[in-house]
Amino acid sequence: MIDLATLFEEYLATRRALGVRLPDAERRLGPFVAFVGQHEAPFITTELAHRWATEPDHAQPATWAGRLGLVRGFARYAHAVDPRHEIPPQGLISYRYRRPQPYIYSDREIADLIAAAQELPGTTGLRPLTYMTLLALLSVTGMRTGEILNLDRDDVDLANGVLTVRDGKFGKSRHIPLHESTSVALGRYEARRNRLCPAARDPAFFLNESGTRITDWTLRRTFVRLSRQTGLREPAKSSGYGPRLLDMRHSFAVGTLVRWYRDGVDVERHIPRLATWLGHAHVSDTYWYLSATPELMQAAARRLERLAPRGRP
């Protein structure tokens, strides 16, 4: 019998060999393996999997379902090696995913966030410069936060005004053309970054003051601080919910569609271009934005009314 810890290492190695990135699985499944060991259980059981998945009793069902889903993937592998490992059945945790209603930022709110980032404390001046530039780039490109944080210097071609997103979500890569003003702003950041941090320890385009890549956790923590400071979120002792970084991507997509409708653009014809720009795996993911906000629904309805044959009820 192969012990569970060894099976876990084999599982990770096998998935990596298939080209699957597993940051969540490695970080979150490790505690599950330890949990099973603490209960001196030689095999994965449905009962233990369910207990571990629902252990954070304050969490939402979505979190429980996500934790159990990770266990289920590992359990399938373990079961193939030794059938005595149980695979937790589908539906064990009742949960149906619903996309949260996106928050659409106003231009004023984006400007306030950037202004607040400009006032962030730091020892060299690089921290406020990095965050104000990063937030601005998020707002004008609709990129995912991970895509921006993963940008290396070689991915930013300011001479031709193009960003290269390598191995993004679903393993897809793409090029994002930049407006001239965006290229100029990134060029200013690059020049000041090089002066403030001449001995960078990382090839990342966006650096923290230690000369290394900014982590997703650090970015989100800083964003929460800025959004509270600008009034987008309640103070720290209140609810932690509010507009998210991801909503900048939603705002870009919705703003683009609204502008197309107002300008009389053939949205049906051009929406695949927006899907490619955003790096969506399916164009249906982009069509979701058509029902995301009342303004878009109204714009679409007005467009249909103009296109409808005269005399039609």
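This structure is a prediction, so every number in the text was calculated from the model and none was measured. Residue numbers run consecutively from 1 along every chain, following the written order of its sequence. With the structure being a predicted model, the display of local features is reserved for residues of pLDDT at least 70 and the display and counting of side-chain atom pairs for 80 or more, all residues being used for whole-chain, interface and lining totals. By convention in this description, side-chain values take in all heavy atoms of the structure and omit both hydrogens and water.

1. Overview of the overall build of the protein
Which entries qualify depends on this criterion: Numbered from the N terminus, helices here are DSSP runs of H or I no shorter than four residues, and strands are runs of E no shorter than two. Exposure is judged per residue with a 1.4 Å probe applied to protein chains only, and the accessible area is read against the type maximum: over 50% gives exposed, under 20% gives buried, and values in between give partly exposed. Note on contacts: a residue pair qualifies if any of its non-hydrogen atoms lie within 4.5 Å across the two residues. The accessible surface values rely on the Shrake-Rupley method and a 1.4 Å probe; as for residues, cover is taken only from the protein chains in view.
When helices and strands are tallied, the protein shows 13 helices and three strands. Classification of the 313 residues of the protein by burial places 39% in the buried group. Residue pairs at least 24 apart in sequence account for 58% of intrachain contacts in the protein once pairs closer than 6 positions are excluded. Carbon and sulfur atoms make up 53% of the accessible area of the protein, which totals about 17,800 Å².

2. Comments concerning the packing of helix α6 (residues 126-141) against helix α9 (residues 216-229)
Defined as follows: What counts as an axis is a line fitted to C-alpha atoms, over the stretch in contact for a helix, and the angles between N-to-C directions run from 0 to 180 degrees. Here the word oblique covers every angle except those under 35 degrees (roughly parallel), over 145 (roughly antiparallel) and from 65 to 115 (roughly perpendicular). Residue polarity is assigned by list, with Asp, Glu, Lys and Arg as charged and Ala, Val, Leu, Ile, Met, Phe, Trp, Tyr, Cys and Pro as nonpolar; anything else, Gly included, falls into the polar class.
At a closest axis distance of 12 Å, the pairing of α6 and α9 adopts a crossing angle of 85°. The angle between the axes of α6 and α9 places the two elements in the roughly perpendicular class. Facing Arg127, Tyr131, Leu134 and Leu135 of α6, the residues of α9 in contact are Thr218, Leu219, Thr222, Arg225 and Leu226. Here the residues of the contact of α6 with α9 are counted per class, giving five nonpolar, two polar and two charged.

3. A word on the packing of aromatic side chains
Cut-off, in case you're wondering: Any two of the Phe, Tyr and Trp rings considered here, Trp counted by its six-membered ring, make a pair once their centres fall within 6.5 Å; the pair's planes then place it as stacked at under 30 degrees, edge-to-face at over 60, or tilted in between. Criterion for a charge above a ring: Lys NZ or Arg CZ within 6 Å of the ring centre, and within 35 degrees of the ring normal.
Overall, the coordinates contain nine aromatic pairs when judged by the stated rule. Taken together, the aromatic side chains of Phe8, Tyr11, Phe74 and Tyr77 make up a single cluster linked through ring pairs. One residue, arginine 67, lies across the ring of tryptophan 52, its end atom 3.9 Å from the ring centre. Across from the ring centre of phenylalanine 205, 5.0 Å away, lies the NZ or CZ of arginine 193, which sits over that ring.

4. Section: the pattern of salt bridges
A side chain of one charge can pair with a side chain of the opposite charge when the charged atoms of the two come close. Put simply, the rule reads: We count a salt bridge whenever a side-chain nitrogen from Lys or Arg sits within 4 Å of a carboxyl oxygen from Asp or Glu.
This model, assessed by the stated rule, comprises ten salt bridges. Between arginine 51 and glutamate 47 there is a salt bridge, and its shortest N-O distance comes to 3.3 Å. Of this pair, arginine 51 and glutamate 47 both sit in helix α3 (residues 46-53), four residues apart, which is roughly one turn of that helix. The exposure class of arginine 51 is partly exposed, given its relative accessible area of 37%. A residue is classified by how much of its surface remains accessible, and glutamate 47, at 45% relative accessible area, is partly exposed. Glutamate 147 is the partner of arginine 174 in a salt bridge, and the nearest nitrogen-oxygen pair spans 2.9 Å. Of this pair, arginine 174 sits in strand β3 (residues 174-177) while glutamate 147 sits in helix α7 (residues 145-149); the two residues are 27 residues apart in sequence, bridging distant segments of the chain. The exposure class of glutamate 147 is buried, given its relative accessible area of 7%.

5. Some points on the packing of helix α5 (residues 107-118) against α6
The test is simple: By definition, any crossing whose near helix is turned counterclockwise from its far helix by less than a right angle is left-handed, and any crossing with a clockwise turn is right-handed.
Axis separation between α5 and α6 bottoms out at 7 Å; the angle between their running directions is 165°. Accordingly, the angle class assigned to the pair α5 and α6 is roughly antiparallel. The two elements α5 and α6 meet at a crossing, and its hand is right-handed. When α5 is examined against α6, the residues Ile110, Leu113, Ile114, Ala117 and Gln118 are found in contact with a partner set consisting of Pro128, Tyr131, Met132, Leu135, Ala136 and Ser139. Among the residues making up the contact of α5 with α6, the classes are represented as nine nonpolar, two polar and no charged.

6. Some points on the nonpolar core
As a rule of thumb, nonpolar side chains are buried together in soluble globular proteins. Inclusion rule: The term nonpolar core refers to a set of buried residues drawn from Ala, Val, Leu, Ile, Met, Phe, Trp, Tyr and Cys, joined through side-chain atoms within 4.5 Å.
By size, the foremost hydrophobic cluster in this structure holds 37 residues, and its most contacted members are Leu134, Leu135, Leu163, Leu186 and Phe206. For this core, the secondary structure elements donating two or more residues are α5, α6, α7, β2 (162-165), α8 (180-196) and α9. At seven residues, the largest contribution of residues to this core is made by α6. For leucine 186, the residues in contact, after removing those within four places along its chain, are Thr133, Leu137, Val156, Leu158, Leu163, Leu178, Phe205 and Phe206. Counting 21 residues, the second largest nonpolar core, distinct from the first, contains Phe32, Val33, Leu48 and Phe74.

7. Thoughts on unusual backbone geometry
Residues other than glycine seldom take positive phi values, yet glutamate 40 does so here, at roughly 55°. Take glutamate 40: it is sitting in the loop between α2 (23-38) and α3.

8. Digging into the environment of valine 140
Along the chain, valine 140 falls in helix α6. In this structure valine 140 comes out as partly exposed when scored by relative accessible area, which is 43%. The spacing of valine 140 and serine 251 is 111 residues in sequence and 9.5 Å in space, taken between C-alpha atoms.

Keep in mind that these numbers describe shape and distance, not what the molecule does.
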